[in-house]
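Tertiary structure, described
What follows is the residue order along each chain.
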Amino acid sequence: MCFDWGPGEMLLCETTFNKKDKSETAPSCPFIYIVRKDADVYSQILRKLFNESHGIFVGLQRIEEELTGKSRKAQLVRVSKNYRSVIRACMEEMHQVAVAAKDPVSGRQFSSQVSILSAMELIWNLCEILFIEVAPAGPLLLHLLDWVRLHVCEVDSLSADVLGSDNPSKHDSFWNLVTVLVLQGRLDEARQMLSKEADANPPSAGMCRILGDLMRTMPILSPGNTQTLTELELKWQHWREECERHLQDSTFAASPRLESLCKIMLGDEATLLEHKELLSNWYHFLVTRLLYSNPTVKPIDLHFYAQVSDIALSNWWFVAHLTDLLDHCRLLQSHNLYFGSNMREFLLLEYASGLFAHHSLWQLGVDYFDYCPELGRVSLELHIERIPLNTEQKALKVLRICEQRQMTEQVRSICKILAMKAVRNNRLGSALSWSIRAKDAAFATLVSDRFLRDYCERGCFSDLDLIDNLGPAMMLSDRLTFLGKYREFHRLYGEKRFGDAASLLLSLMTSQIAPRSFWMTLLTDALPLLEQKQVIFSAEQTYELMRCLEDLASGRPGCGEPDAQRLQDDDIETTKVEMLRLALARNLAQAIIREGSLEGS
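Residues numbered from 1 in each chain as written. Predicted model: local features only at pLDDT ≥ 70, side-chain atom pairs only at ≥ 80, totals over all residues. Heavy atoms only, no water.

As recorded in an unreviewed UniProt entry, the protein chain goes by Nuclear pore complex protein Nup85 and comes from Myodes glareolus. What the UniProt record of the protein chain gives under Subcellular location (unreviewed entry) is the line "Nucleus, Nuclear pore complex". The UniProt entry for the protein chain carries the following comment under Function (unreviewed entry): "Functions as a component of the nuclear pore complex (NPC)." (UniProt positions renumbered as here; feature names shortened; annotations may be inferred.)

See below:
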């Protein structure tokens, strides 16, 4: 069995197995199956994530040079929050779609995406706290508590359910609610719940009051507080000793639930594990234990918890953008890879490659390649050559991108492809324009020949505006030069500038720029000039025309052109030759007489 990567992030598998027909198939007729690596780019909702985050990414790269000191940190935090708001918006929309899905399979797929987006936002938020805001000890724990409350929101619906009942303290989930509030550090709300228990159960009122006082006096470094970490640690140690004394004195012995809450507030690991069903995940357990055992934890002590970059969309969106942001925080300078790129660039290249697999998102990928200084240019050149140019509008977009980046070879290739398409559709003007833009002399010659052939068949030129305004572009090839000059001959003749028209016609033939197969047409064009009452061609010019006619009529090869023997067997051509000989002889006689008269006078 053979696997290979195909275009657009696809894995191609050649096999003799046919899903529809289980009969054996000859090896000479294999079946190709495609496994997509980039399925996420085809999700309508996730496309919004890609589009909106692209603007944030480009904005970050552009303001990088302006970021200094405190303003730098504030800007990076703002960028991080913008990324998270985009993730949450997509997550909410995906959740609505999952709820509304009528197909169970689709519903599960959308729910799975919601879980992934939720994990991404969770991890991003943690990295924002630890690495971007870089909260100092003390305030760090407050950020972590907010982080948990934001991502473990089941407690709010549980609180509404309990408080909405007729007798909250008798509700089945009352003690679960109080416990979760304590686990999340929401001690003011927990005290309010305990006051309801005290009112409903007078024997426990004293214990509820004591535990409530312990909750109220727990020292926490609030944002507006000016006390030092040393003062906080000292107060916290005294508070902890008071909690332990109440346990030793069996103050809560009559109420196992209250005693359990006191043990949680002491950070007792065994008690925390007993309530693991209320601790919905590892990070909830982590923050609760820190709150009640090490409230002045420093960011450096948490770094090992942030090794979580393995949760991501299959197209690298998460790790690419988060790594780029952390790189701007100057945290990843040492992470160089063995092939010359760094971690940031490697992930951005992978993400941009996935975008190029999509029919419209590829335009976003261009900017990601632009901001990869080592390998971005080469990667962009390789990917842009694989974009299918389905429409001229799309081709013009690709061409503009290449021209802006001086990608000369890609510009030439695209123009040639468009020129060939135009020729196949018999749009000669467009084909000539593209071949000139590609600076492709061979193709310009081919298109020019088609113009001349059409002229011979129809007696007139198409796309006159283009031919009349070739300018210096006509020097691209001899045939294009001839086409432009031949059209100029017709224009001079139409303006009755017969002398200039005659000189140009003769120069086209004697300079060998005109294709030999077109000589008869040029000589036929000379007939009206030869028949004018006024002598247009001088004797010397007439001799040149006669020589060209005889070369053509005798079938003598000239300048590598094909043999013209067919003229001798064609009655029409023979008649033309005789008419031209007669007209040239008459013009020669008139020219000699006229020139002799001028000399005699």
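Next, the rest of the story.
**Focus on the nonpolar core**
Generally speaking, soluble globular proteins have nonpolar side chains that are buried together. One finds L211 and W317 to be the most contacted residues of the largest nonpolar core, which totals 162 residues. Considering every element that reaches this core, the biggest residue donor is helix 3 (residues 104–132), with 12 residues. (Core = buried A, V, L, I, M, F, W, Y, C linked by side-chain atoms within 4.5 Å. Buried < 20%, exposed > 50% of the residue type's maximum accessible area, 1.4 Å probe, protein only. Helix = DSSP H or I, 4+ residues; strand = E, 2+ residues; numbered from the N terminus.)

**A look at the packing of helix 18 (residues 408–424) against helix 19 (residues 428–437)**
One way to put it is that helix 18 packs onto helix 19 with a least axis distance of 8 Å and a crossing angle of 165°. Considering their axes alone, helix 18 and helix 19 lie roughly antiparallel with respect to each other. The handedness of the crossing between helix 18 and helix 19 comes out as left-handed. Of the residues in helix 19, those in contact with C415, L418, A419, A422 and V423 of helix 18 are S430, A431, W434, S435 and R437. Of the residues contributing to the contact of helix 18 with helix 19, the split by class is seven nonpolar, two polar and one charged. (Axes fitted to C-alpha atoms, helices over the stretch in contact; angles between N-to-C directions. Parallel < 35°, antiparallel > 145°, perpendicular 65-115°, else oblique. Left-handed = near helix turned anticlockwise from the far one by under 90°. Contact = heavy atoms within 4.5 Å. Nonpolar A, V, L, I, M, F, W, Y, C, P; charged D, E, K, R; others polar.)

**Examining helix 5 (residues 154–163)**
Among all positions in helix 5, only V155, S159 and V162 are buried. Looking down the long axis of helix 5, one finds its buried residues gathered within 70° of arc, a one-sided arrangement. Looking at the buried positions of helix 5, the neighbouring elements they touch are helix 6 (174–183) and helix 7 (187–200). (Arc of directions from axis to C-beta.)

**Comments concerning the packing of aromatic side chains**
Taken as a whole, this structure holds 11 aromatic pairs when the rule is applied. Centre to centre, the rings of W124 and W317 are 6.0 Å apart; their planes meet at 35°, and the pair counts as tilted. Taken together, the positions of W124 in helix 3 and W317 in helix 13 (residues 317–328) put the pair 193 residues apart, joining distant regions of the chain. Take W124: its relative accessible area is 0%, and that puts it in the buried class. On the accessibility criterion, W317 (0% relative accessible area) is buried. Ring geometry for W124 versus F318: centroids 6.0 Å apart, planes at 65°, classification edge-to-face. Pair noted here: W124 is in helix 3 and F318 is in helix 13, with a separation of 194 residues, a long-range link. Members of the aromatic cluster, each reached through a chain of ring pairs, are F50, F57, Y351, Y368 and Y371. (Phe/Tyr/Trp six-rings, centres within 6.5 Å; stacked < 30°, edge-to-face > 60°.)

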